[in-house]
Structures are given as C-alpha cells and as structure tokens.
Amino acid sequence: MKRIFFAMAMALSCVLGVVAQDVKEYDLADIHIRDPFILPDEASGTYYLYRSAMQTTEKGKVGGVECFKSKNLKRWTGPYTVFTVPTDNWITGKVWAPEVHCYRGKYYLFATLNSNIEWKKRMADWPAFTFRGVQVFSADKPEGPFLPFSLMPTTPIDQMALDGTLYVEDGVPYMVYCHEWVQLADGAMNVVKMKPDLSGIDGTPVRLFNASSAKWSTGTKHKGGAPDSFVTDGCFLYTTMTGKLLMIWSSFYNSDYAVGIAESVTGRITGPWIQQPDMLFSANGGHGMIFRSFEGKPYIILHGPNTPSGAERARMFELVDVGNTLKIK
C-alpha cells in the first residue's frame, strides 16, 4: 500500500509541479544554500529562490531542486520541490548550481548533475575524475515540473562541465559554462550555441578564457607533483547601462572564494575577454548571479561563507552600475 501511495504522490507531483515539504516562512539569512539563484517572475509578481536538495525515490536518493518564494526579497516561504532527477537519467547524483531562466514563454532549468563514476585515473592530491555535466530541463511554470529533453547531458559527455547559464545575443541562445579544473588543471570558461528551443547544443564549444588569466585568481598548489590548479565557477552575464558586456565568475584568491569580473572587448559573447583587476567580492563567498528587482534595482546574490560546510547562507547586495564595471553599494 505504501508503494502504491508513493507512486500516486510522485505522479501527482509531475502534474502539479510544486511539492510542499514542511513549508515554513524564513528570513533569507536563515536558509542554508549554496549557489543561490533568484528568478523575478513578473507574471506572478513573485521572486523564486532555487537551491539543490536530494530527493527520495523508490530507487533511492537522487538529485533534485527546491524553491522558496517571496514578494519582497525579505520573507521567504518554502521549501517546495520543483525537480527530481529522473531515475533512468544518464547520472542521478546531486544537483549543483540550479538556474531557472524564462525564455520565449517557457521556463528552463540549467542543472549541473554529478556522479561518483570515475572515468580517468586520479592524480595524487587531486579529486577523482568523475562524470559531471550540465543538463537542461523545461517547464511551463517557474514551479515546474521540469522535464528532460533527453536522458543525456546537454554539454559534451567527455567534458567535466558545470555551472551552465543562458545568454541570448541577437535572438540566438548560448550556454556559457565552466570546464572543470579537475580535468584541465587550469579551469576554463566555454560558450556554445544552443538550439532555438534549448533542447541541445548547436555547434562546438569555444573557450573564452582560463582561470589563470585573472591575476586575482591565485590558484592552489598540490602535493605529489600534481600541477597547480585554477578554478572557474559560477559564471553569469550582465550588460551595463553603457552596453558593456560583463561576466561575473568565481575562483580563489589566497585560498578564499571570491568573485571577479571579465569583460568582452567587442561586446559580443565570443569576446575576446579580458579580466578586470579589481574583484567584486573577496570575503570568502561567491558563485553569484545578478537580477533586477521589480523596482528595477540590480542586485547580486551569492553564498558565503564558502567554508565551513553547513555555514553557507545567501548574501544579497545592491549593485551600482557605473557603466564600465559593477560595484557593491
């Protein structure tokens, strides 16, 4: 009987989308979260805050996404389950960095999926090479249910890819994503054109820059002869009031997580890209994204502190757009 009830509940959740899980009201500072992402949904006048959260299925634990909802960016209700990784997906592990974008009247979840399946021998003092990639899911509402286009990753399967984000240029959609430092040592930022309905990529990824190109990205030294590593995390695109195309992204500055700014010298997504010398945030926090409030004010939300595990909370700051760069107000 329990199995029948569970199956009925899962089927109902696929129809309705949002599934409440002991919903409460929270201040933003009370919500444990990494890689926060806020979608201001103008149609409903609601802010949606997304985070990763493991889900229980009949086949065990799989990755998933929850959301919190707010009308004022101060008090949030949730969590609501909006996505559960299909149990027959290519991998079903923990979700990282969920982003939800409204595009041509639909909502798209960009999710980094993880596994513990090793596909290359690890080096000494180095994390395991495991399957990891960005997969795109679609829904008719910001609450889901988000459904797959296929059961395979959107990014190339032979790349350890993460933190995919959407950018639209001249009506053409692109995904910008991070190519994992664990595979490259010097992590990279890539861009790839997407199909018009975001169901897949439409071309070959192009490298925009490596993490070491930023002087503030100081890297990490490893033992046993392994090379120094440089991290690329948390990319997000923003166009300033003067039309300058910027990308905020995260790496490590003297062992602390930080956010820097790259700029496209042509104003195009393909660059070339240069690194601004000043960091946007350097106080052991990062993986930020930028959104505008319903009043039109730009904000950045990121998590901090980055360590220790369990202490992460969303931190939100109003931004000042000075034309050639961004500053925290």
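No experiment lies behind these values; they were computed from the predicted model shown.

Visitor: Where do I start with the overall build of the protein in this structure?
Guide: The helix and strand inventory of the protein stands at two helices and 23 strands. Here the C-alpha radius of gyration of the protein, 19 Å, is about what a compact globule of 329 residues would show, namely 20 Å. In terms of its C-alpha atoms, the protein occupies a principal-axis envelope of roughly 60 × 50 × 40 Å. In the protein, which comprises 329 residues, the share counted as buried stands at 53%.

Visitor: Looking at this structure, how should I read the confidence of the model for the protein?
Guide: Should pLDDT be low for a region, the predicted coordinates there are not to be read in detail. On average, the protein scores 93 in pLDDT, and the residues at 70 or more come to 94%. Counting contacts from residues 1–16, a segment whose pLDDT is below 50, to residues more than four positions away or on other chains yields 11 contacts.

Visitor: In this structure, what is going on with the sheet that holds strand S10 (residues 129–139)? I would like to understand it.
Guide: Adjacent strands of a sheet form backbone hydrogen bonds with each other and so pair up, either parallel or antiparallel. Ordered in space as S8-S9-S10-S11, the four strands form an open sheet in which the pairing is antiparallel. Each having just a single partner strand, strand S8 (95–103) and strand S11 (147–148) make up the two edges of the open sheet. Sheet analysis places strand S9 (residues 106–120) next to S10, joined by 10 bridges and oriented antiparallel. Pairing of tyrosine 108 across the sheet is with serine 138, part of S10.

Visitor: How do you make sense of the nonpolar core when you look at a structure like this?
Guide: A general feature of soluble globular proteins is that nonpolar side chains tend to end up buried together. Of all hydrophobic cores here, the largest spans 49 residues; its most connected members are Leu49, Tyr50, Trp76, Phe83 and Phe146. Aside from chain neighbours lying at most four places away, what touches tryptophan 76 is Lys24, Glu25, Tyr26, Leu28, Ile31, Ile38, Tyr47, Tyr48, Leu49, Phe68, Lys69 and Ser70. Val191, Leu208, Phe209 and Ile269 belong to the second-largest nonpolar core, a separate cluster that totals 22 residues.

Visitor: Sorry, what's going on with the pattern of salt bridges here?
Guide: Two side chains carrying opposite charge are able to pair once their charged atoms lie near each other. This structure, assessed with the given rule, holds 14 salt bridges. Here glutamate 118 ties to arginine 122 by a salt bridge, and the two come within 3.7 Å at their closest N and O atoms. For arginine 122, a relative accessible area of 43% corresponds to the partly exposed category. Across the pair glutamate 263 and lysine 244 runs a salt bridge whose closest N-O atoms are separated by 3.2 Å. Of this pair, glutamate 263 sits in strand S18 (residues 256–264) while lysine 244 sits in the loop between strand S16 (233–239) and strand S17 (245–253); the two residues are 19 residues apart in sequence, bridging distant segments of the chain. Taking relative accessible area as the criterion, glutamate 263 reaches 13% and is therefore assigned buried. Residue lysine 244 is classed as partly exposed on the basis of its relative accessible area, which comes to 24%. Residues joined by salt bridges that share partners form a network here, namely Glu25, Asp27 and Arg75.

Visitor: When you look at unusual backbone geometry in this model, what are you seeing that I'm missing?
Guide: The phi torsion of most residues other than glycine is negative, and most of the peptide bonds are trans. With omega at 5 degrees, the peptide bond leading from glycine 144 into proline 145 counts as cis. You can see proline 145 is positioned in the loop between S10 and S11. That bond from glycine 304 to proline 305 is cis: its omega, -5 degrees, falls within 30 degrees of zero. Inspection of the secondary structure puts proline 305 in the loop between strand S21 (298–304) and strand S22 (313–321).

Visitor: Would you explain the packing of aromatic side chains in this entry?
Guide: Note on aromatic pairs: each is described by the distance of the centres and the angle between the planes. Under the counting rule described, the total for this entry stands at 16 aromatic pairs. Aromatic pair tyrosine 48 and tyrosine 50: ring centres 6.3 Å apart, planes at 20 degrees, arrangement stacked. The exposure class assigned to tyrosine 48 is buried, which follows from its relative accessible area of 3%. On the basis of an interplanar angle of 80 degrees and a centroid distance of 6.5 Å, the ring pair of tryptophan 90 and phenylalanine 131 is categorised as edge-to-face. Highlighted residues: tryptophan 90 in the loop between strand S7 (75–84) and S8 and phenylalanine 131 in strand S10, separated in sequence by 41 residues. With relative accessibility at 16%, the residue tryptophan 90 sits in the buried group.

Visitor: Explanation requested: empty space enclosed by the protein in the structure shown.
Guide: Empty pockets left among the atoms are what a rolling probe the size of a water molecule brings to light. This structure, assessed with the given rule, holds one cavity of 30 Å³ or more. The calculated volume of the largest cavity comes to roughly 30 Å³. What lines the largest cavity is simply Asp35, Pro36, Phe37, Ala97, Pro98, Glu99, His287, Gly288 and Met289. Sorting the residues of the lining of the largest cavity by element identifies S8 and strand S20 (286–292) as the ones contributing at least two each.

Visitor: Help me out: how do you make sense of the pairing of S22 in this one?
Guide: Side chains on a regular strand alternate between the two faces of the sheet. Bridge count between S21 and S22: six bridges; the pairing is antiparallel. Across the sheet, the residue bridging to histidine 303 is alanine 314, located in S22. Inspection of the sheet shows S22 paired to strand S23 (residues 326–328) by three bridges, in the antiparallel sense. Each bridged residue has a counterpart across the sheet, and for aspartate 321 the counterpart in S23 is leucine 326. If you look at the hairpin formed by S22 and S23, you'll find four residues sitting between the two strands, and glycine 323 has a positive phi there, around 100 degrees.

Visitor: Just checking my understanding: could you explain the state of the cysteines for this structure?
Guide: Covalent bonding between the sulfur atoms of two cysteines is what defines a disulfide. All chains considered together, the criterion is met by zero disulfides. Cysteine 67 supplies the cysteine sulfur nearest to cysteine 102, a cysteine that is in no disulfide, at a spacing of 15 Å. For cysteine 102, a relative accessible area of 47% gives the class partly exposed. Summary of cysteine pairing: cysteine 235 is not part of a disulfide, and the nearest cysteine sulfur, belonging to cysteine 178, is at 4.1 Å.

Basis of the calculations
- Residues numbered from 1 in each chain as written.
- Predicted model: local features only at pLDDT ≥ 70, side-chain atom pairs only at ≥ 80, totals over all residues.
- Heavy atoms only, no water.
- Helix = DSSP H or I, 4+ residues; strand = E, 2+ residues; numbered from the N terminus.
- Rg over C-alpha atoms; globule rule 2.2 N^0.38 Å.
- Buried < 20%, exposed > 50% of the residue type's maximum accessible area, 1.4 Å probe, protein only.
- pLDDT = per-residue confidence, 0-100.
- Contact = heavy atoms within 4.5 Å.
- Pairing = 2+ DSSP bridges.
- Core = buried A, V, L, I, M, F, W, Y, C linked by side-chain atoms within 4.5 Å.
- Salt bridge = Lys/Arg side-chain N within 4 Å of Asp/Glu carboxyl O.
- Phe/Tyr/Trp six-rings, centres within 6.5 Å; stacked < 30°, edge-to-face > 60°.
- 1 Å grid on protein atoms, 1.4 Å probe; cavity = no way out; pocket = protein on both sides within 12 Å on 5 of 7 lines; lining within 4 Å.
- Points joined across faces, edges and corners; volume = space filled by probe spheres on them.
- Disulfide = S-S within 2.5 Å.

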